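So you can see what is in the structure, the chains are spelled out below.
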Amino acid sequence: MRSLRILLAEDVAMVRGALVALIELEPDMKVVAAIARGDNIVSQTLAHHPDIAIIDIDLPGLDGLTAATRLHEEVPSCPTLILTNLGRAGNLRRALAAHVSGFLLKDAPPDQLAWAIRSVVAGRRVIDPHLAVSTWEGGENPLSARELEVLSGAAQGADPVEIATVLHLSVGTVRNYLTNIVTKMNARNRVDAIRAAREAGWLP
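A short tour of the structure in this document, coming up.

The rules behind these values
Residues numbered from 1 in each chain as written. Predicted model: local features only at pLDDT ≥ 70, side-chain atom pairs only at ≥ 80, totals over all residues. Heavy atoms only, no water. Salt bridge = Lys/Arg side-chain N within 4 Å of Asp/Glu carboxyl O. Helix = DSSP H or I, 4+ residues; strand = E, 2+ residues; numbered from the N terminus. Buried < 20%, exposed > 50% of the residue type's maximum accessible area, 1.4 Å probe, protein only. Pairing = 2+ DSSP bridges. Right-handed = clockwise from strand over helix to strand, strands pointing away. Patch = residues over 30% accessible without salt bridge, like charges linked within 9 Å, V, L, I, M, F, W, Y side chains within 5 Å. Areas by Shrake-Rupley, 256 points an atom, 1.4 Å probe, with all protein chains shown as cover. Core = buried A, V, L, I, M, F, W, Y, C linked by side-chain atoms within 4.5 Å. Arc of directions from axis to C-beta. Contact = heavy atoms within 4.5 Å. 1 Å grid on protein atoms, 1.4 Å probe; cavity = no way out; pocket = protein on both sides within 12 Å on 5 of 7 lines; lining within 4 Å. Points joined across faces, edges and corners; volume = space filled by probe spheres on them. Nonpolar A, V, L, I, M, F, W, Y, C, P; charged D, E, K, R; others polar. Polar contact = N/O pair within 3.5 Å; in protein donor to acceptor, adjacent residues only side chain to side chain.

Moving on to the pattern of salt bridges. Considering all chains together, one arrives at 11 salt bridges under this definition. A salt bridge links Asp63 to Arg94, with the nearest nitrogen and oxygen atoms 3.6 Å apart. A residue pair is termed long-range when its members are at least 10 positions apart, and Asp63 in the loop between β3 (52-55) and α3 (64-74) and Arg94 in helix α4 (residues 89-97) qualify at 31 residues. Among the charged side chains, a salt-bridge network with shared partners connects Glu10, Asp56 and Lys106.

Next up, the structure:
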């Protein structure tokens, strides 16, 4: 019986080791690459040809959802399963937009991981049921794509002049966007809007 080849991306060494051990308890599974950085996912996938990539969201170098998007673009034959503690509805929406095939929380029962791996490799979509319910019940992201770009720049510490330069907008337009963002999110100020957007999973 051919073993399923698995790439695992998890930055916490102890968790990564425990997950490798758990996965390899299954007689039909083998971890062919266990890495700690999101910016190594595509290159290691090309090197090891896994049947599935299991990816945490919170990774150094490149966050897991951005890495999943790049993996889908460059190696579409390799499906992805997000395994994370960040169980927010916004993260699930971002994951689905990134074409991931599965989204599982780390506090799920251990046997669910093996089931999710087999299901994703078989071409089925797997989503943590409790998170799926909260996603459909929760509100949609009120910000436009441009507003998210502006807020993302602010979250990285850029001032309106710097954001305007990067996005090829006038400074006044950027300030208007920031005002609208704070209003739409019922936030106290820009910092509060950034915090709320991150908690909702709309910003990495």
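Let's pick the thread back up.
This part covers the pairing of strand β5 (residues 102-105). The alternating pattern of β5 places Gly102 and Leu104 on one face and Phe103 and Leu105 on the opposite face, and all of these are buried. Bridge analysis of strand β4 (residues 80-84) against β5 gives 4 bridges, and the strand direction is parallel. In the sheet register, Leu81 faces β5, and the bridge partner there is Gly102. Both β5 and strand β6 (residues 126-127) contribute to a ladder of 2 bridges, which runs parallel. Paired with Gly102 across the strands is Val126, a residue of β6. In this fold, β5 hands off to helix α5 (residues 110-121), which returns the chain to β6; that crossover is left-handed.

A few words on a nonpolar patch on the surface. A cluster of nonpolar residues, Val12, Met14 and Val15, forms a patch on the protein surface that exposes about 290 Å² of accessible area. Here Val15 lies in helix α1 (residues 13-23). Judged by its relative accessible area of 31%, Val15 is partly exposed.

This paragraph deals with the nonpolar core. Within the largest apolar cluster, 24 residues are counted, with the highest numbers of intra-cluster contacts made by Leu7, Ala9, Ile41, Ile55, Leu71, Ile82 and Phe103. Going through the elements one at a time, β1 (4-9), β2 (29-35), α2 (41-48), β3, α3, α4 and β5 are the ones with two or more residues in this core. The element best represented in this core is α3, accounting for 4 residues. In terms of nonpolar packing, the next biggest core, distinct from the first, is built from 20 residues, Leu4, Ile23, Val31 and Ile117 among them.

Structurally, Leu151 is set in helix α7 (residues 145-155). For Leu151, a relative accessible area of 0% gives the class buried. Along the sequence, Leu151 and Ala197 sit 46 residues apart, while their C-alpha atoms lie 8.8 Å from each other.

The complete set of buried residues in α2 reads Ile41, Val42 and Thr45. The arc that holds every buried residue of α2, seen down its axis, measures 95 degrees, which confines them to one face. Buried residues belonging to α2 abut β1, β2, β3 and α3. His49 lies just past α2 and shows a positive phi near 50 degrees.

At His99, a residue that is not glycine, the phi angle is positive and equals roughly 70 degrees. Residue placement: His99 occurs in the loop between α4 and β5. We note that His168 has phi near 60 degrees; this positive angle belongs to a residue other than glycine.

With that settled, the discussion passes to the layout of surface pockets. There is about 220 Å³ of room inside the largest pocket. Contributing to the lining of the largest pocket are 11 residues, with Arg94, Asn141, Leu148, Trp202 and Leu203 lying nearest its centre. Looking at the lining of the largest pocket, the elements with two or more residues in it are α4 and α7. Each residue belonging to the lining of the largest pocket can be placed in one class, and the counts come to 4 nonpolar, 3 polar and 4 charged.

Once that is clear, we can look at the side chain of Thr84. If you trace the backbone, Thr84 turns up in strand β4. Exposure remark for Thr84: the relative accessible area of 0% places this residue in the buried category. Looking at Thr84, its side chain comes within polar contact range of the side chain of Asp56, at 3.4 Å. Leaving out residues up to four positions away in the same chain, Thr84 has contacts with Asp56, Ile57, Phe103, Leu104, Leu105 and Lys106.

Nothing here speaks to function; it is geometry throughout.
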